[in-house]
Each structure stands twice: as C-alpha cells, then as structure tokens.
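Listed below are the residues making up each chain.
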There are 4 protein chains.
Amino acid sequence: MESKEFGIPVRVYIEDTDAGGIVFYANYLKYFERARTELIRSLGYSLRSSLNNGLSYVVHSIELKYHMPALLDDEIQVSARLSKLGKTYMIFDQQAHRGSSLLVSAKVKIACVSYPGLKPRALDSELGSRLKQYLQE
Amino acid sequence: MESKEFGIPVRVYIEDTDAGGIVFYANYLKYFERARTELIRSLGYSLRSSLNNGLSYVVHSIELKYHMPALLDDEIQVSARLSKLGKTYMIFDQQAHRGSSLLVSAKVKIACVSYPGLKPRALDSELGSRLKQYLQE
Amino acid sequence: MESKEFGIPVRVYIEDTDAGGIVFYANYLKYFERARTELIRSLGYSLRSSLNNGLSYVVHSIELKYHMPALLDDEIQVSARLSKLGKTYMIFDQQAHRGSSLLVSAKVKIACVSYPGLKPRALDSELGSRLKQYLQE
Amino acid sequence: MESKEFGIPVRVYIEDTDAGGIVFYANYLKYFERARTELIRSLGYSLRSSLNNGLSYVVHSIELKYHMPALLDDEIQVSARLSKLGKTYMIFDQQAHRGSSLLVSAKVKIACVSYPGLKPRALDSELGSRLKQYLQE
C-alpha cells in the first residue's frame, strides 16, 4: 500500500546552481526534505517536536538517480510518496519534475531513533497513526 | 580490480551542521566530491578542464548509508576508491570515518556525457589511461 | 525616492539551520537574493538573461545587521526595497521579519559590469526603464 | 592595536560555485568563519565550548566588499585579523586573496551574549585573556 503523492513547487535560485550552470546535485536532497517536511506538516505534525519526547527522525539511507538537470529560474515540482511505513521507519519515494520531464528520483529511508543514544525506536504513536490514516486516504 | 584508497581530512565547521547538532546529511555529498576531486587532481587531471573538449562528467546515481553522525569541530577522514572503470563511467566507493568509526558510506557513479547534449560518451582518453594506470598501482 | 516594498514569505527548513539551533547567518544572503530576484521577476525581467548582452549583475558590497535569530519551521517575511537607482548600479534595502520582529537588515549594492571583463557598465536600458517606472509607482 | 594576521588556504570546489561560474558570494562568509574558527582554535580555545557556560558568540554585523571573483579549482588565502577587542565583542578584519589579488574584504563583529536570552555579556574570561595576549604578540 502506498500513499497518494504530495507535491510542492520549488523555484531554482542562483544559490542552488553550480559552475556547470545546473542545480548542484546535492541540493536535490534539500528539495526532497522540503517536500517530506510539508507532507508531514500537512498531517498536522512536526518531526522536530518529537525531540522533546526523546525521539529523533534521522536519514538512514538514500538512493538517488539523476536523469536530467534543472536550470536557473526553473520552477520544478518536487513530490513525496510514503511507500512503506514500518514500525521504526518510513520510506519515501520522491521525484523532481520539470513539466512532464523526470529530473531526479530518490528513495529515502527515515528511521526513528532514541535521542540521544540513536537506538532504533518505534515511531511516535501519534505520527504513526496519522501516517497509517494517510496511507488509507 | 579496485584502486587503492585515497583520503583527505575534513574539518567540520558550523556551516556544515544543522539544528540537530550534527552534520547535515546532504553535506556528505560535498565531502565525497572533494575527495573524488582531489583523487583525480592527484593524477594530474581536472574533470572540469574537459568541458573544453565537449565532454562533461556528471553524477549519474548515488547510494548513501548513514551509520553515525559527525559533530561540530570533528576532524573526519573522507575516502574515495575507484571500484569500477567503465568505458563511459567511473564508480567510486566512498566512506567518511571519525577515527575507526564508520560514519557514512556511499557508492557514486559518474558518467561521461557530451556537453551540451548530455549523451553518453567515452571518457576522455587521457583520463581513461591515467585511471587505468591508477587501478594497477 | 524609494520604491515601495516587495516581500516574499520564506519557510525555514532544516537545511537553513546550524548547530546553534538557528538559521545559519550566511543563509540570509540567500533569502535576500530570492526577494530581489522575485522583485525583478515581477517587473517582467530576469537579471540572468542579460548575460547574453555581455552584461552581468554582481554583488558589489553588503552591510548586514543581525537583530534576532530565526528558528526551524519559522515562516518569515523577506523584503526588498530599491532605495537607489544609479546609472551602473542598484541599491536595495532589505529586511527579514518574523511577525513584527525585525530579524536581519541589509543594504545590498548590485553593480552592472561587462561580461567577461567585469568593468562598470550602464544597466541594460530595458531594466533601467522598468526600475525607474517602478520607483514612481 | 591590531593582532597579527592569521591565514588559512581554501580550495574552491564545485559546491562553492554558482551558475555565473564563480564562487557564490554568500560562501565567502563560510570561508571567513573557517579562518576565525582556526584562529581561535590556534589559541587553544573553542567558541562552541562556552555554550556550557551559558554564553554564546553570535555574528552581530558584517560589512563585505567584493573586488574580484574566485573561480573553480582556485586555491585562495583567507585571513582573519583581530582588529578590536571589546568587553562584550570582537571585531575581525578579514580578506580573501588569490596570490596578490584581493578578492573580498570584510569586517565582522562577533558579540558575546547570554544563552539562552541573547543579552550582551562579557567574553568568557579565558577567551578574553588569550585574545589580549594574542594582540600583544
């Protein structure tokens, strides 16, 4: 079961580009995080608030494929889809498009860990139930 | 056949960190690129110089695994090992360590493409022969 | 004579913060550039398009004052006001606010130069006339 | 009374550049911070360690002038000179050079504040005495 897709528009500014005249490839990780953050925010939850509960959500692993470059002044669409919800982790499939052209695709695994300590922990129960409901919408 | 490992020290500055008090995970891509760049530079070659020959070297895909976070003021070791040399691409295995602790590992595929046009092309012959020799050292 | 103020909202993401738990101070320069870019875009002009005319618009000097920090997840307002239009330069007064609290203020001088060569040049006449009209609105 | 000059070499990587083919102007703030951090470190002190004492060192204001751009692969020299030591602040004069060419100059005021609370406070006495001695060397 997969969630529906959540997307945000991202404008490319000079800060995002490199001397090759294109978006610096590491910056797509920023775009993808913005989309995940807004998806979670749209559910009325903030990942950071859980630091107070002794939990932290950290990037566990990422797979990235670069298909075409984005350019200065482009307005691109950046999406996040919750593709797997585990007891201690979330996996997001993410893409950046310019119009119908796929620019970059990624799979990002976010793990819930104790903070400090960084041992695997079950997702905050409120987050878990909101995500479960989101998957079923 | 794999190349020997090439490494550089990297100091963590405040610019590299995030509000979680650790190195922002996207920034390891910068560290890894610095190590690849210095490896290539140590062979007397600059990837960027080949733009003049109508070739460009672009990141094709990346796999990243995060094991432990680096902290402000840490001095870490960032390595690059040429693990595969294709006709049109290079694959690097890369790691970041603090002392003997593995922090982050990555596999980065760099493709040679025409510029502009971005079609796959054989590596510049001078680069190819230097890398082949490097693999055999 | 000063222009009216132009503003954009900016959301603070984890990418913008540092280990002090606040927005890394250099990142306000990115926010201010986004606001200037959108101001110019709202006039139907793109600074970058003029590279083709042998002109480039470069940052000549900046004065920054930091009053209060922005925090993760804040939505702040970033403004730009054209405070002086010279023959070869523009000066912008810029501010970042959270609600009614002033966070950062800046004065940014953008110079028009030949490209390449980087000698002072008169602003592109179309840009100059659009800015003059903007000042009078 | 001014301190002697402290300098570090900085290599320009692709991460530092923008689509104009030059170092993105905000990134000089990172270079300048690296130089200040290493100056303080050379005195056996770490600004961050004082967070434990309820003090924080924050950027109060910056003046920047851009003279010439740095380019990809450049090795530049970045310097910091303590030009004024106040009871609650430090002022640094900083420069970036490529060979004998001045690229960027800056004046950076760092204030000591309570943490949290952000009210002006006297510099940590150990830091103050080390800086006073440094000024006299």
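Residues numbered from 1 in each chain as written. Chains lettered and ligands numbered in written order. Predicted model: local features only at pLDDT ≥ 70, side-chain atom pairs only at ≥ 80, totals over all residues. Heavy atoms only, no water.

A.B. asks: I'm lost on the interface of chain C and chain B in this one. Help?
C.D. replies: Accessible area lost when the parts come together is the quantity often used to give the size of an interface. In this assembly, 8 residues from chain C lie in contact with 8 residues from chain B. Linking chain C with chain B are 0 salt bridges. Joining chain C to chain B, the criterion identifies 4 residue pairs in polar contact (both at pLDDT 80 or more). Of the residues contributing to the side of chain C that touches chain B, the split by class is 3 nonpolar, 3 polar and 2 charged. (Contact = heavy atoms within 4.5 Å. Salt bridge = Lys/Arg side-chain N within 4 Å of Asp/Glu carboxyl O. Polar contact = N/O pair within 3.5 Å; in protein donor to acceptor, adjacent residues only side chain to side chain. Nonpolar A, V, L, I, M, F, W, Y, C, P; charged D, E, K, R; others polar.)

A.B. asks: Can you help me understand the sheet that holds strand 5 (residues 101-114) of chain D in this one?
C.D. replies: What the 10 strands build is an open sheet, ordered 1(C)-3(C)-4(C)-5(C)-2(C)-2(D)-5(D)-4(D)-3(D)-1(D); its pairing is antiparallel. On the outer flanks of this sheet lie strand 1 (6-11) of chain C together with strand 1 (6-11) of chain D, each paired with one strand and no other. Averaged over all adjacent pairs, the angle separating strand axes in this sheet is 25°, with direction ignored. When strand 3 (residues 75-85) of chain C meets strand 4 (residues 89-98) of chain C, the two strands line up antiparallel, connected through 8 bridges. For C:K84, the partnering residue across the bridge sits in strand 4 of chain C and is C:I91. (Pairing = 2+ DSSP bridges. Helix = DSSP H or I, 4+ residues; strand = E, 2+ residues; numbered from the N terminus. Axes fitted to C-alpha atoms, helices over the stretch in contact; angles between N-to-C directions.)

A.B. asks: Help me out: how do you make sense of the interface of chain A and chain B in this one?
C.D. replies: Taken together, the contact pairs 20 residues of chain A with 20 residues of chain B. In total, about 1,700 Å² of surface goes out of reach between chain A and chain B, with carbon and sulfur atoms giving 63% of it. Counting the surface chain A buries against chain B, the share from its top three residues, A:Y25, A:I62 and A:Y66, is 28%. Where chain A packs against chain B, one counts 0 salt bridges. Mapped by element, the contributors of at least two residues to the side of chain A that touches chain B are helix 1 (27-42) and strand 2 (55-66) of chain A. No other element matches strand 2 of chain A, which puts 8 residues into the side of chain A that touches chain B. Pairing of strand 2 of chain A with strand 2 (residues 55-66) of chain B, which is carried by 5 bridges, proceeds in the antiparallel orientation. Within strand 2 of chain B, the residue paired with A:K65 across the bridge is B:S61. (Buried area = accessible area lost by both parts, 1.4 Å probe.)

A.B. asks: Hey, could you run me through the relation of the copies chain C and chain B in this one?
C.D. replies: Relating one copy of the chain to the other requires a rotation about an axis plus a shift along that axis. Expressed as a screw transformation, the operator carrying chain C onto chain B has a rotation angle of 180° and an axial translation of 0.0 Å, and the superposed copies differ by an RMSD of 0.0 Å. Classification of the inter-copy transformation places it as that of a two-fold axis. It is C:D18 whose C-alpha, among those of chain C, lies nearest the rotation axis, at 2.0 Å. Mapped onto chain B, 100% of the interface residues of chain C are again interface residues, and the two copies thus contact each other with one and the same surface. (Least-squares fit on C-alpha atoms with pLDDT ≥ 70 in both.)

A.B. asks: Help me understand the relation of the copies chain A and chain B in this model?
C.D. replies: Its rotation angle being 180°, the transformation that places chain A on chain B also includes 0.0 Å of axial translation and leaves an RMSD of 0.0 Å. Most of the interface of chain A is mirrored in chain B, where 100% of its interface residues are also at the interface.

A.B. asks: What am I meant to see in the packing of aromatic side chains here?
C.D. replies: To describe a pair of aromatic rings, one takes the distance between the centres and the angle between the planes. Going through the model one piece at a time under the given rule, you end up with 16 aromatic pairs over all chains. Between B:Y25 and B:Y66, the aromatic rings sit 6.0 Å apart at their centres with planes inclined by 90°, giving edge-to-face as the arrangement. On the criterion of sequence distance, the pair formed by B:Y25 in the loop between strand 1 (6-11) and helix 1 (27-42) and B:Y66 in strand 2 is long-range, its members being 41 residues apart. A ring pair is formed by B:Y28 and B:Y66, whose centres lie 5.9 Å apart and whose planes are at 65°; its orientation type is edge-to-face. Taken together, the residues B:Y28 in helix 1 and B:Y66 in strand 2 connect sequence positions 38 residues apart. Just as B:Y28 is buried, B:Y66 falls in that class too. Among the aromatic side chains, those forming a connected cluster through ring pairs are A:F24, A:Y25, A:Y28, A:Y31 and A:Y66. Between the NZ or CZ atom of C:K109 and the centre of the ring of C:Y89, over which it lies, the distance is 4.4 Å. (Phe/Tyr/Trp six-rings, centres within 6.5 Å; stacked < 30°, edge-to-face > 60°. Buried < 20%, exposed > 50% of the residue type's maximum accessible area, 1.4 Å probe, protein only. Lys NZ or Arg CZ within 6 Å of the ring centre and 35° of its normal.)

A.B. asks: In this structure, what is going on with the pattern of salt bridges? I would like to understand it.
C.D. replies: Two side chains with opposite charge may pair up if their charged atoms get near one another. Residues and elements named next belong to chain A. One pass over the full model with this rule turns up 44 salt bridges over all chains. With a closest N to O distance of 2.9 Å, R41 and E38 form a salt bridge. Remark: E38 and R41 occur in helix 1; sequence separation between them is 3 residues, near one turn of the helix. Under the relative-accessibility criterion, E38 is labelled buried at 15%.

A.B. asks: It is not clear to me how the confidence of the model for chain A should be interpreted in this structure. Could you clarify?
C.D. replies: Reading predicted coordinates in detail is not appropriate for stretches of low pLDDT. Per-chain confidence: chain A averages 93 in pLDDT, with 96% of residues scoring 70 or above. The ipTM for the predicted assembly is 0.94, set against a pTM of 0.96. (pLDDT = per-residue confidence, 0-100.)

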